[in-house]
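Residue-level structural notes
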Amino acid sequence: MAGFLYGTCNVSILRLHERRQDRLHLGTVAGMRAFAHASVDGFKRYFDFKGRSSRSDFWYFMLLFVGLYFIVAVVDHFFVSATVNINDLPLGGYIPMGMVDPEVGVPVLLYRPVMAIPTLAVTVRRLHDAGKSGWWCVLWVLPLPVIGWLYLIPLLCKPSRA
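These figures come from a predicted structure and were not determined experimentally.

1. Considerations on the side chain of Arg 125
Among the secondary structure elements, Arg 125 is positioned in helix α4 (residues 106-129). The buried charged residue Arg 125 lacks any salt bridge, with Asp 48 as its nearest oppositely charged partner at 4.7 Å. At 2.9 Å, the side chain of Arg 125 and the side chain of Ser 53 are in polar contact.

So, in structure tokens, the structure goes:
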């Protein structure tokens, strides 16, 4: 009897595991669609500081931002000679990536300002969606970069307000 119950239990666990794997696969496809939609929408609304962006749209766009930045930084580090030392710039010691790799070339110098506007726009729209003023996005850089993030990130994680 114990062997029968043990075998039945294993079959049930296997079926549950198979169903869960199917859901995970469907979630991955849906997640990729949501990522693609949020990425395209972030660039379509490049200068749109009004309206709202959902949590998923914001975080998918930030994932795109970080992923592209990583690729640009790797290309910059290995294939392009350094042009500027970030620490030599005014307030350069407060730039977070300047603490990691202060020697940067043209690709990183171009990437930052090009992506600054859509990143600020999606942050402002996300704050509007969470019921906050878009001016809270100033915490990305003030009073000091990483310290302001400790207050800003929980605001960006808040659920949408109707």
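Right, picking up where we left off after that structure.
2. Considering the environment of Glu 103
Mapping Glu 103 onto the fold places it in strand β2 (residues 103-104). For the pair Glu 103 and Ser 81, spaced 22 residues apart in sequence, the C-alpha separation works out to 8.9 Å. Ignoring sequence-local partners within four residues, the contact set of Glu 103 consists of Asp 76, Ala 82, Val 84 and Asn 85. A polar side-chain atom of Glu 103 sits 2.9 Å from a polar atom in the side chain of Asn 85.

3. Thoughts on a nonpolar patch on the surface
On the surface, a cluster of nonpolar side chains totalling about 800 Å² of accessible area is made up of Phe 43, Leu 68, Phe 70, Ile 71, Val 74, Val 75, Phe 78 and Phe 79. The dominant element in the nonpolar patch, judged by the number of residues it contributes, is helix α2 (residues 55-79), at seven residues. Here Ile 71 lies in helix α2.

4. Notes on the environment of Ile 153
Note that Ile 153 resides in helix α5 (residues 145-157). Given the relative accessible area of 33%, Ile 153 is considered partly exposed. Between the alpha carbons of Ile 153 and Cys 137 there is a distance of 9.9 Å; along the sequence they are 16 residues apart.

5. Overview of α2
Between its first and last C-alpha, α2 extends 36 Å over 25 residues, near the 36 Å set by a 1.5 Å rise per residue. All of the buried residues along α2 are Asp 57, Phe 58, Phe 61, Met 62, Leu 64, Tyr 69, Val 72 and Asp 76.

6. Overview of the packing of aromatic side chains
The description of an aromatic ring pair rests on the distance of the ring centres and on the angle between the ring planes. By the definition in use, this model includes eight aromatic pairs. Pairing Phe 58 with Trp 59 gives two aromatic rings, centres 4.8 Å apart and planes at 80°, and the pair type is edge-to-face. Judged by its relative accessible area of 0%, Phe 58 falls in the buried class. Judged by its relative accessible area of 34%, Trp 59 falls in the partly exposed class. Each ring, one from Phe 65 and one from Tyr 69, has its centre 6.3 Å from the other, and the planes form 25°; the classification is stacked. Separated by four residues within a single helix, Phe 65 and Tyr 69 lie in helix α2, roughly one turn from each other. When its relative accessible area of 22% is taken as the criterion, Phe 65 is described as partly exposed. A residue is classified by how much of its surface remains accessible, and Tyr 69, at 10% relative accessible area, is buried. Members of the aromatic cluster, connected to one another through ring pairs, are Phe 65, Tyr 69 and Tyr 111.

About the criteria used
Residues numbered from 1 in each chain as written. Predicted model: local features only at pLDDT ≥ 70, side-chain atom pairs only at ≥ 80, totals over all residues. Heavy atoms only, no water. Helix = DSSP H or I, 4+ residues; strand = E, 2+ residues; numbered from the N terminus. Buried < 20%, exposed > 50% of the residue type's maximum accessible area, 1.4 Å probe, protein only. Lys, Arg positive; Asp, Glu negative; His and termini not counted. Salt bridge = Lys/Arg side-chain N within 4 Å of Asp/Glu carboxyl O. Polar contact = N/O pair within 3.5 Å; in protein donor to acceptor, adjacent residues only side chain to side chain. Contact = heavy atoms within 4.5 Å. Patch = residues over 30% accessible without salt bridge, like charges linked within 9 Å, V, L, I, M, F, W, Y side chains within 5 Å. Areas by Shrake-Rupley, 256 points an atom, 1.4 Å probe, with all protein chains shown as cover. Expected span 1.5 Å × (residues − 1). Phe/Tyr/Trp six-rings, centres within 6.5 Å; stacked < 30°, edge-to-face > 60°.

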